[in-house]
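# Remarks on the overall topology
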2 protein chains.
Amino acid sequence: MRNLLFTLTYDGTAYHGWQVQKNGISVQEVLQDALETVLGARGNVIGCSRTDSGVHANRYYFNMRTQSSMGCSRLVRALNANLPFDIAVTSCREVDVDFHARYDCISKQYIYKIWNAPVRDPFKNGYSLHYPHLLDTEMLAKEAMAFLGEHDFASFCSAHSKIKSTVRNVSLFNVERVGDDVCFIIEADGFLYNMVRIMTGTLLKIAQGKIEKGTISDIINSKDRSRAGVTAPAHGLYLNKVKYPFD
Amino acid sequence: MRNLLFTLTYDGTAYHGWQVQKNGISVQEVLQDALETVLGARGNVIGCSRTDSGVHANRYYFNMRTQSSMGCSRLVRALNANLPFDIAVTSCREVDVDFHARYDCISKQYIYKIWNAPVRDPFKNGYSLHYPHLLDTEMLAKEAMAFLGEHDFASFCSAHSKIKSTVRNVSLFNVERVGDDVCFIIEADGFLYNMVRIMTGTLLKIAQGKIEKGTISDIINSKDRSRAGVTAPAHGLYLNKVKYPFD
């Protein structure tokens, strides 16, 4: 029995997130269909993360145990030939038989992309949040420092989440600008439901003066979701990479 | 009577090119609908160029004579509020009353984008040609030098074109690579029907060894369309900018 770790990239626009569900087509379902076509049997695919409807992935990871002896590069080509244009498998490697793409993940990195220009960019529609007013990225970077470290992020978790602990350790929060493209790059040992989108919504409220500067620590300590900003739209969010013990 | 020059940017995926036609929706038609809504009268919009079905524009120019006294920045905002997401007006300025966006054009610049990696990129689907084999951009840049200067480009013009002269002056042909993104940047005083796409198809045939290196001048001199490469797909092509006397 081999255990294979794959990376894939997908445009999440057309999908109801990663995980198989009844309401709509998921990335996992489409992937399992392709694997069934290529390997002749339906595999049990283990994803690194649930991603929301409409969220994109630059690098998503999943593993799968299989008895197939097909070589990794041939498998990548065969899968891509059977996947739609908005999903592509980018690599495949053999890993320890007990490796698990979700449990063995050390940290994840997300990027939230913002198109920060007065007029929308047709080519970024669905791929960046359009925010027309000039963002002071230096100020936002300073504010975002309050997210760093281990905190109870209950204020930055959507209410209907049933998770046990809301404590997470944020190790990186960069605010970068290249021309009119602004992005937030966030790394943590794990993320709560909608956490990056609520952090983004909160920073945008600070930019608008609707949440006071210097209050992110207070909002964290309040453990009150209603004090944070609104959940920013899914289409600006990208799972960018995942760190594993062997990296 | 004012004469207004606008720039716009559009994702050409959903359109049958710029020009109004019976077969499908054009950018011009959608734009004229928006102008009618904003100005209350259907304007006569003069585009800088016909673009093919599926071709994109980073900067497209059109002018329009109007009796409206609406300020330029207000007009831009009002038009964008009435245009679909895949089209955006980016600027507006007043020009001489006899200025004509097509006749007064000195030169145009097109970009042809190629995603040059073994695996497709879902985010570039419809926005770059996927060419999986590594391109030798130095070699291609050297080959493309033969396009420079004034030539009869009949070999690089689709057969059903009814244009009088096929002589054009190509002033720039750059081949650039940034990571796995390769692009051809081409500037000329004018372009024949499908000219950039046939030039691109020809360079790709040279890359494949199906057209011999050093033969572009021969192909030009032959004035024989069948000696050049196939027409590369529309979705990699962008009108990038247009030069006018006042630039």
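Residues numbered from 1 in each chain as written. Chains lettered and ligands numbered in written order. Predicted model: local features only at pLDDT ≥ 70, side-chain atom pairs only at ≥ 80, totals over all residues. Heavy atoms only, no water.

### Topic: the relation of the copies chain B and chain A
Two copies of one chain are present, and they are related through a rotation about an axis combined with an axial shift. Where we set the bar: We superpose the copies by least squares over the C-alpha atoms of residues that have a pLDDT of at least 70 in both of them.
In the superposition of chain B on chain A (RMSD 0.0 Å, axial shift 0.0 Å), the rotation amounts to 180°. One copy is carried onto the other by what is essentially a two-fold rotation axis. Rotation axis and chain B: the residue whose C-alpha lies nearest the axis is B:Phe123, separated from it by 5.1 Å.

### Comments concerning the packing of aromatic side chains
All names here are of chain B. Counted only if it meets this: Each pair of aromatic rings taken from Phe, Tyr and Trp, with Trp reduced to its six-membered ring, is defined by centres within 6.5 Å and is described as stacked if the planes are under 30 degrees apart, edge-to-face if over 60, and tilted in the remaining cases. Under the scheme used here, helices are H or I runs from DSSP no shorter than 4 residues and strands are E runs no shorter than 2 residues, and both carry numbers assigned from the N terminus. Working definition: with a 1.4 Å probe on protein chains only, accessible area under 20% of the residue-type maximum means buried, over 50% means exposed, and in between means partly exposed.
Enumeration according to the criterion identifies 30 aromatic pairs over all chains in this entry. Ring geometry for tryptophan 18 versus tyrosine 60: centroids 4.3 Å apart, planes at 25°, classification stacked. Here tyrosine 60 lies in strand β3 (residues 56-66) and tryptophan 18 lies in the loop between β1 (2-10) and α1 (27-39), a separation of 42 residues in the sequence. Assessed through its relative accessible area of 3%, tryptophan 18 is described here as buried. The exposure class of tyrosine 60 is buried, given its relative accessible area of 0%.

### Remarks on the environment of A:Ser222
We count it as follows: Residue contacts follow a heavy-atom distance rule, with two residues in contact if any of their heavy atoms lie within 4.5 Å.
Within the secondary structure layout, A:Ser222 lies in helix α5 (residues 216-222). Not counting the four nearest positions on each side in its chain, A:Ser222 is found in contact with A:Ser155 and A:Arg227.

### Looking at the domain arrangement of chain A
Residues and elements named next belong to chain A. Worth spelling out the cut-off: Either an automatic procedure or a domain database provided the assignment from which the domain bounds are taken. As used here, buried area is the combined drop in accessible area, with a 1.4 Å probe, of two parts when they are placed together. In the sections that follow, a salt bridge refers to a side-chain nitrogen of Lys or Arg positioned within 4 Å of a carboxyl oxygen of Asp or Glu. Under the scheme applied, nonpolar residues are Ala, Val, Leu, Ile, Met, Phe, Trp, Tyr, Cys and Pro; charged residues are Asp, Glu, Lys and Arg; polar residues are all the others, including Gly.
Taken domain by domain, chain A comprises domain 1 (2-95) and domain 2 (107-243). The C-alpha centroid of domain 2 is placed 27 Å from the C-alpha centroid of domain 1. Residue-level contacts link 16 residues of domain 1 with 15 residues of domain 2. Summed over both partners, the interface of domain 1 with domain 2 comes to about 1,200 Å²; 48% of that surface belongs to carbon and sulfur atoms. Looking at the side of domain 1 facing domain 2, the largest losses of area belong to Asp52, His56 and Asn58, adding up to 42% of the total buried there. On the surface where domain 1 and domain 2 come into contact, there are 1 salt bridge. Note that aspartate 52 and arginine 197 form a salt bridge whose closest N and O atoms lie 3.0 Å from each other. Considered class by class, the residues forming the side of domain 1 that touches domain 2 number 5 nonpolar, 7 polar and 4 charged.

### Structural notes on the interface of chain B and chain A
A common measure of how large an interface is: the accessible area buried when the components associate. Worth spelling out the cut-off: Pairing of N or O atoms within 3.5 Å defines a polar contact, subject to two protein rules: one partner must be a possible hydrogen donor and the other a possible acceptor, and residues neighboring in sequence count only if both atoms are side-chain atoms.
Between chain B and chain A, the residue contacts involve 23 residues of the former and 23 residues of the latter. Roughly 1,600 Å² is buried in total at the junction of chain B and chain A, and carbon and sulfur atoms are behind 64% of that figure. Considering only the surface of chain B that becomes buried against chain A, B:Arg120, B:Pro122 and B:Phe123 emerge as the three largest contributors, covering 45% of it. Linking chain B with chain A are 0 salt bridges. Run the count over chain B and chain A and you get 8 residue pairs in polar contact (both at pLDDT 80 or more). Element by element, the count of residues in the side of chain B that touches chain A is highest for strand β4 (residues 87-95) of chain B, at 4 residues. Of the residues contributing to the side of chain B that touches chain A, the split by class is 14 nonpolar, 6 polar and 3 charged.

### Examining the packing of helix α1 (residues 27-39) of chain A against helix α2 (residues 72-81) of chain A
Residue and element names in this part refer to chain A. To be explicit about the condition: As a rule, the C-alpha atoms of each element are fitted with a line to give its axis, helices using only the stretch in contact, and angles between N-to-C directions run from 0 to 180 degrees. For classification purposes, angles smaller than 35 degrees are called roughly parallel, those larger than 145 roughly antiparallel, those between 65 and 115 roughly perpendicular, and all remaining angles oblique. Each crossing gets its handedness from the near helix: less than a right angle anticlockwise from the far helix is left-handed, clockwise is right-handed.
The interhelical angle for the contact between α1 and α2, taken along N-to-C directions, is 120°, at an axis separation of 9 Å. When the axis of α1 is compared with that of α2, the two are oblique. Here the hand of the crossing between α1 and α2 comes out right-handed. Where α1 abuts α2, its residues Ala34, Leu35, Val38 and Leu39 lie against Leu75, Ala78 and Leu79.

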